[in-house]
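Chain by chain, the residues:
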Amino acid sequence: MKKIIFIGILLFLIAISFIPKFISFERTPFQKNWITYKAQFIDTNRVLDTDNNNIPTSEGQGFALLFAVFSNDRKQFQDMWAWTQQNMQREDHLFRQQYSPSEKGECDKKCISAQNNASNGDIIIAWALLAAENKWDRQIFLVEGLRVLDAIKAKLIRQQFGYQLVLPSETGFELPDDRVQINLSYWVFPALNLFTEVTGDPIWAEIYQSGTSLMASARFGDWNLPSDWMILSEEKATLEGANSTEYGENANRLPLYLMLAQDYQTQLIVPFIDFWAQESLPATVDLLTGQRSETVANAGMKAIKAVTEAKMDNDNADVTLPQITPETDYYSATFILLSQLPIVKK
């Protein structure tokens, strides 16, 4: 009897030794970059913005939650979401913009340095929750995502000047004389598509259409680009009085959002491609003065450029992007991963 058991165990060990020859466990480039990203920028479920004193932000938490979904990293998603809920979500279901513990790592009521929300963070977190429900069929993520959407719709959307506008925050951006300050990068196009699909509410498609209409009309400077920030009135969009008059890290992500939404409208993308054709690509350009920054575009901006140009030439293009290394800065790493999201049409 013992001999039979021994032979059975031996045959089992021999059989499983052949499994790797038939089943591939190799990680995708996206998953490999996600593993490095976690090691460099996530500490006890907080996403550390290493370019901004390691302060976790709602946008950073949202992107990391999204990356965890598309890496099928369920435990990391659940742990980060629990931390984000406990430490950054307000009673109205929106999220505080950032979280700053004391030097001792302790947190009390004063540790939240920004009580105000940031709408891009709210939208990206809602996107991640609904994507998680799609991925893992967990009803609780749908319920929590819809709560965030209801709060966004109630507090952050304004119908004005013929547009459905996204306020950058609940307060501070509605100006005298009915003017509104906006940031077009808060129109996260793939998220808006998913919101429409999940809820059936036409407002999200209307917001999407307003965003692309503003991209087409609100162009400034020699390059006809949208700025990171602009002031919108009944008459026009202007840069005078805006938080920034630059085209930079915010506006640069707009083409990628369109690619992730599988929206290849040439007229929206051409100004970006023309700008990117420069031999030395600056990180920013002031659209009022034409002043180029001395800092060149980082690896994240170049990843967005590569994906956009490839997809506009051939929407089935397979784009190879750089690996994230210990030398990769936070924003570059984030946008390399975003550029690799497997929802880009193959």
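Residues numbered from 1 in each chain as written. Predicted model: local features only at pLDDT ≥ 70, side-chain atom pairs only at ≥ 80, totals over all residues. Heavy atoms only, no water.

A.B. asks: I'm lost on the packing of helix α7 (residues 139–155) against helix α8 (residues 189–199) in this one. Help?
C.D. replies: Two measures define how a pair of helices packs: the angle their axes make with one another and the distance between the axes. Relative orientation of the contacting elements α7 and α8 amounts to 115 degrees, with a least axis distance of 12 Å. Here α7 lies roughly perpendicular to α8, going by the angle between them. Relative to α8, the crossing made by α7 is left-handed. Contacts between α7 and α8 pair Leu142, Leu146 and Leu149 from the former with Phe195, Val198 and Thr199 from the latter. (Axes fitted to C-alpha atoms, helices over the stretch in contact; angles between N-to-C directions. Helix = DSSP H or I, 4+ residues; strand = E, 2+ residues; numbered from the N terminus. Parallel < 35°, antiparallel > 145°, perpendicular 65-115°, else oblique. Left-handed = near helix turned anticlockwise from the far one by under 90°. Contact = heavy atoms within 4.5 Å.)

A.B. asks: Hey, could you run me through the nonpolar core in this one?
C.D. replies: Here is a general trend for soluble globular proteins: nonpolar side chains tend to be buried in one another's company. Among the nonpolar cores identified, the biggest contains 101 residues, and Tyr37, Phe77, Trp187, Phe189, Phe195 and Leu338 are the most heavily contacted of them. Leaving out residues up to four positions away in the same chain, Phe189 has contacts with Tyr208, Gly211, Thr212, Met215, Leu254, Tyr257, Leu258 and Ala261. (Core = buried A, V, L, I, M, F, W, Y, C linked by side-chain atoms within 4.5 Å. Buried < 20%, exposed > 50% of the residue type's maximum accessible area, 1.4 Å probe, protein only.)

A.B. asks: Looking at this model, I keep getting lost on the packing of aromatic side chains. Mind explaining?
C.D. replies: Describing an aromatic ring pair means giving the distance of the ring centres and the angle of the ring planes. All chains considered together, the criterion is met by 22 aromatic pairs. Centre to centre, the rings of Trp83 and Tyr99 are 4.9 Å apart; their planes meet at 75 degrees, and the pair counts as edge-to-face. Residue Trp83 is found in helix α5 (residues 74–88), and its partner Tyr99 is found in the loop between β3 (96–98) and β4 (114–117); the two are separated by 16 residues along the sequence. With respect to burial, Trp83 and Tyr99 carry one shared label: buried. The interplanar angle of 70 degrees and the centroid separation of 5.3 Å between the aromatic rings of Phe195 and Trp204 together place this pair among those described as edge-to-face. For the pair Phe195 and Trp204, a shared accessibility class is recorded, and that class is buried. (Phe/Tyr/Trp six-rings, centres within 6.5 Å; stacked < 30°, edge-to-face > 60°.)

A.B. asks: Would you mind going over a negative patch on the surface with me for this structure?
C.D. replies: On the surface, a cluster of negative charge is made up of Asp177, Asp178, Glu234 and Glu235. In this structure, Glu234 sits in the loop between β8 (230–232) and β9 (237–238). Using a relative accessible area of 58% as the deciding quantity, one classes Glu234 as exposed. (Patch = residues over 30% accessible without salt bridge, like charges linked within 9 Å, V, L, I, M, F, W, Y side chains within 5 Å. Areas by Shrake-Rupley, 256 points an atom, 1.4 Å probe, with all protein chains shown as cover. Salt bridge = Lys/Arg side-chain N within 4 Å of Asp/Glu carboxyl O. Lys, Arg positive; Asp, Glu negative; His and termini not counted. Charge placed at Lys NZ, Arg CZ, Asp CG, Glu CD.)

A.B. asks: How should I be thinking about unusual backbone geometry in this particular structure?
C.D. replies: Of all residues except glycine, most have a negative phi; of all peptide bonds, most are trans. Here Phe161, not a glycine, exhibits a phi torsion of approximately 60 degrees, which is positive. In this structure, Phe161 sits in the loop between β5 (157–160) and β6 (163–166). With relative accessibility at 18%, the residue Phe161 sits in the buried group. For Gln262, which is not glycine, the phi dihedral falls at a positive 55 degrees.

A.B. asks: So what exactly am I meant to see when it comes to the pairing of β6 here?
C.D. replies: Successive residues of a regular strand alternate their side chains across the two faces of the sheet. Bridging between β5 and β6 involves 4 bridges; their strand directions are antiparallel. Pairing of Gln160 across the sheet is with Tyr163, part of β6. Where β5 hands over to β6, the hairpin turn is made up of 2 residues, of which Phe161 adopts a positive phi near 60 degrees. (Pairing = 2+ DSSP bridges.)

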